[in-house]
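# Close look at the chain arrangement
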Amino acid sequence: MRLPRLKPLVLIAAAGMLAAASSIAYLVMQVDSSQDLVLLRNAVIAEVEAEGAHEWTPDSMPADYLAETLPSPEPLERFAVMARSGSHNSDDFQTAVSLARALGQNRKRGLGPIQDDTVTAFERITAEGAGYCADYTQVYGALGRAAGLSVREWGMSFDGYGGDGHAFNEVWDRTRNKWLFIDSFNSFFVTDLDGQPLSAIEIRQALLEGTSSELQVVPINPAKFGFKSSDRALEYYRRGAPRFFLVWGNNMLSYDEAPAVKAVSGISRSAEQLVGIVTGVQPKLVISRDFADPDGVAELMRLRAVMTVFLLGLVVAGIALLLHRRGRS
């Protein structure tokens, strides 16, 4: 029996569907946990940029940095004013420490992540002591802005830019004219031996160069300090030091209020972030070339290529089928 000949457009559509199906099957096999989902997300939004990409100030903010423009919600504004009043002077870093102290004073371990809008996360952190590091950096960034500070968010990864990692902040100090590291979740900052607060980059460099003896860990709320000792804290950061990246935006309020994001926020965090990526309100992750872990970046690019094949396969199949149907009509 002679089989009918398939038209070229049908063959193209079949090839596109096969490519898409193969790609999605491969991606599904890579996902065993929520950490793997974070890796897939990061493969979409991570960018390796020129050396020193992090070396900007609030006055020279990159044009593509997603800066917040919405006014601070009243609960955050009120909290920031009260926390700032606890600072003994107008020094930006002292204000930053006061904010971290107030935010983390009720922190409890084992309550799990919040993963919600900024105001809800703020309410649960302060009332229940819930939240993980990313909840704290999200809320701390918004509180810092309400207090008149410039705050940015860093991340580090232990597993090649996936979900096993940590998030922390830097605050711009106008007196010292530099960014200064602060970990509000684990309730500490770091100074040199003279007691001067250090930036995330200075800490990273000391850890990688083996000069951590020149670092001093300073707990903010000693009872809430996230490690058994200062050495444990530095060792934790040493593990992540090869894979630092900067979150390219502080637009957490605008993200929360984006109509498309709000529409899916009750479905799942992954769906919400996907919509945020598509609509352009999800900040990218910038890996400065001088910080890049080659193997980790290669994994991100490989996964991105597979996702690109998936999308192209769908597009090619869709166009071919549409043209085929038009040709038959």
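Note that the structure is predicted; figures quoted are calculated from it, not measured. (Residues numbered from 1 in each chain as written. Predicted model: local features only at pLDDT ≥ 70, side-chain atom pairs only at ≥ 80, totals over all residues. Heavy atoms only, no water.)

With respect to the helices and strands, the residue S199 is situated in the loop between β5 (188-191) and α7 (200-209). Those residues in contact with S199 that lie beyond four places of it in its chain are E170, K178, W179, L180 and F181. (Helix = DSSP H or I, 4+ residues; strand = E, 2+ residues; numbered from the N terminus. Contact = heavy atoms within 4.5 Å.)

What follows deals with the nonpolar core. Ranked by internal contacts, the top residues of the largest apolar core, which has 35 residues, are L99, Y140, L143 and I182. Those elements that provide at least two residues to this core are α3 (74-85), α4 (92-104), α5 (118-128), α6 (133-146), β3 (165-173), β4 (178-182) and α9 (252-257). When residues no more than four places from it in sequence are discounted, the contact partners of I182 are A96, V97, A100, Y140, F168, N169, V171, F188 and I220. Membership of the second largest hydrophobic core comes to 32 residues, among which are A53, W154, W172 and F227. (Core = buried A, V, L, I, M, F, W, Y, C linked by side-chain atoms within 4.5 Å. Buried < 20%, exposed > 50% of the residue type's maximum accessible area, 1.4 Å probe, protein only.)

Although it is not a glycine, Q115 sits at a positive phi angle of roughly 55°. Tracing the chain through its elements places Q115 in the loop between α4 and α5. Within the chain, N177 stands out as a residue other than glycine whose phi angle is a positive 60°. Looking at the secondary structure, you find N177 in the loop between β3 and β4.

On to the environment of S33, then. Looking at the secondary structure, you find S33 in the loop between α1 (8-30) and α2 (34-45). Along the primary structure S33 and S184 are separated by 151 residues, whereas in three dimensions their C-alpha atoms are 26 Å apart.

Where nonpolar side chains cluster on the molecular surface, the patch consists of V315, I319 and L323 and spans about 260 Å² of accessible area. The residue L323 is located in helix α12 (residues 294-328) in this model. (Patch = residues over 30% accessible without salt bridge, like charges linked within 9 Å, V, L, I, M, F, W, Y side chains within 5 Å. Areas by Shrake-Rupley, 256 points an atom, 1.4 Å probe, with all protein chains shown as cover. Salt bridge = Lys/Arg side-chain N within 4 Å of Asp/Glu carboxyl O.)

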